[in-house]
Amino acid sequence: MDDNKTCESCSENSCSAKERKLGEEDSAFQERQALTQRLCQIKHKIMVLSGKGGVGKSTVAVNLAAALSLAGKRTGLLDIDIHGPSIPKMLNLNGVPVGVKEHTIYPVAYDINLKVMSIGLLMQDRDQAVIWRGPMKHGVIKQFLKDVEWGELDYLIVDSPPGTGDEPLSIAQLIPDADGALIVTTPQELSIEDVRKSIGFCRTLKLPVLGVIENMSGFVCPHCGKVTDIFRSGGGQRMAEEMGVPFLGKVPLDPDIVNASDAGQPFISSFASSKTADIFKQVVKPLLHLKPREAEVEG
Ligand code: ADP
């Protein structure tokens, strides 16, 4: 065909603009397809959220992933906390090389059932601050979801940064069929106020709230066993009841949780016989037996 004739009704510029637009649409379509194919291989997707930082969200994500792995579920743990990825440290994976081949990123195998990927594993300099705007973060998160070769998984646990900013929004949009969110709080009013916002965020995005965990709820004295409610207790439970979302339970403050995380090991496996590990396992138990989301939505 004569190219000049095709362009009679429009200027050369608008023609190349159209071609560019078609090319962009094409690659956006291919990206969406690649993402869908990848996510199709994962049965359950859970986002771990919190209103504030420092409440134990990553600790819950690591221990939930470890509990799933111990229960024989093929599990992926994805850390999308771009500004403060803590999963590599919590699992002693800092410096472990990540396999990258063409457009595929291979997650690190932590154990036979647990694979891990974190932005922290791809950063050359752990101490360098990441300064990215929203669209760049969205691009990185999309790439993580699209290009990480998890293989078939029973569960993908996504550790999101605190709050309701770009990253949780991106992940909720990119995984529209996620099973839901697990929300971690401490018992103080200040933390609970922010959790209300997280629940509102989930409702706006039609992301089911799978449950609220009240972490650092009471301190069990290792010497006498007396429980002291350092940050008060029960606030998370009351708030969950008020807002009509499931309450999964309370995890106490336990120095061995810090010891395990500093040693780079999941607490529930390294202190498996402790009372707190038992509590932790009970709290995350309902998440080990999720039904397929379609059934829930239809039912
Ligand atoms: P977040 O992801 O919400 O920022 P982290 O999971 O990184 O919080 O936890 C912050 C710190 O608190 C870590 O040092 C962790 O070991 C500690 N921590 C979390 N939960 C508990 C707990 N129940 N008892 C004692 N320390 C805890």
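Residues numbered from 1 in each chain as written. Predicted model: local features only at pLDDT ≥ 70, side-chain atom pairs only at ≥ 80, totals over all residues. Heavy atoms only, no water.

A. Molecular detail of the site of the ligand. The immediate surroundings of the ligand are formed by 16 residues, with Gly54, Lys57, Ser58, Thr59 and Asn215 found nearest. Residue Gly56 places a main-chain N or O atom 2.9 Å away from an oxygen atom belonging to the ligand. Within the backbone of Ser58, one N or O atom sits 2.8 Å away from an oxygen atom of the ligand. Contact with the protein chains covers 82% of the free accessible surface of the ligand, which is 570 Å². Of the residues contributing to the shell around the ligand, the split by class is seven nonpolar, seven polar and two charged. (Near = heavy atom within 4 Å. Polar contact = N/O pair within 3.5 Å; in protein donor to acceptor, adjacent residues only side chain to side chain. Areas by Shrake-Rupley, 256 points an atom, 1.4 Å probe, with all protein chains shown as cover. Nonpolar A, V, L, I, M, F, W, Y, C, P; charged D, E, K, R; others polar.)

B. Representation of the side chain of Asp159. Structurally, Asp159 can be placed in strand E7 (residues 153-159). Overall, the relative accessible area of 0% leaves Asp159 in the buried class. The contact partners of Asp159, leaving out residues within four places of it in the chain, are Val48, Lys57, Ser58, Ala61, Leu78, Asp79, Ile80, Asp81 and Ile87. (Helix = DSSP H or I, 4+ residues; strand = E, 2+ residues; numbered from the N terminus. Buried < 20%, exposed > 50% of the residue type's maximum accessible area, 1.4 Å probe, protein only. Contact = heavy atoms within 4.5 Å.)

C. View of the packing of helix H8 (residues 189-204) against helix H9 (residues 235-243). Contact geometry for H8 and H9: axes closest at 10 Å, N-to-C directions at 35°. Handedness of the H8/H9 crossing: right-handed. Residue-level contacts link Ile192, Val195, Arg196, Ile199 and Arg203 of H8 to Gly235, Gly236, Met239, Glu242 and Met243 of H9. (Axes fitted to C-alpha atoms, helices over the stretch in contact; angles between N-to-C directions. Left-handed = near helix turned anticlockwise from the far one by under 90°.)

D. Unusual backbone geometry, seen in detail. Here the phi dihedral of Lys206 falls at roughly 55°; this positive angle occurs in a residue that is not glycine. Assessed through its relative accessible area of 67%, Lys206 is described here as exposed. Even without being glycine, Met216 reaches a positive phi, approximately 60°.

E. Geometry of the side chain of Asp179. Its place among the elements puts Asp179 in the loop between helix H7 (166-174) and strand E8 (180-185). There is no salt bridge for the buried Asp179, and the closest opposite charge comes from Lys45, which lies 6.1 Å off by N-O distance. Here His44 takes part through its side chain, which lies 2.8 Å from a polar atom of the side chain of Asp179. (Lys, Arg positive; Asp, Glu negative; His and termini not counted. Salt bridge = Lys/Arg side-chain N within 4 Å of Asp/Glu carboxyl O.)

F. Region of interest: the packing of aromatic side chains. In the structure shown here, the tally under the stated rule is two aromatic pairs. Geometrically, the ring pair formed by Phe267 and Phe271 is stacked, given 5.6 Å between the ring centres and 25° between the ring planes. Judged by its relative accessible area of 1%, Phe267 is buried. Accessibility expressed as a relative area gives 26% for Phe271, which makes it partly exposed. Between Phe267 and Phe280, the aromatic rings sit 6.4 Å apart at their centres with planes inclined by 45°, giving tilted as the arrangement. Placement of Phe267 in helix H11 (residues 267-270) and of Phe280 in helix H12 (residues 275-284) is noted, with a sequence separation of 13 residues between them. Across this residue pair, the class does not change: Phe267 and Phe280 are buried. Taken together, the ring pairs in this structure connect Phe267, Phe271 and Phe280 into an aromatic cluster. (Phe/Tyr/Trp six-rings, centres within 6.5 Å; stacked < 30°, edge-to-face > 60°.)

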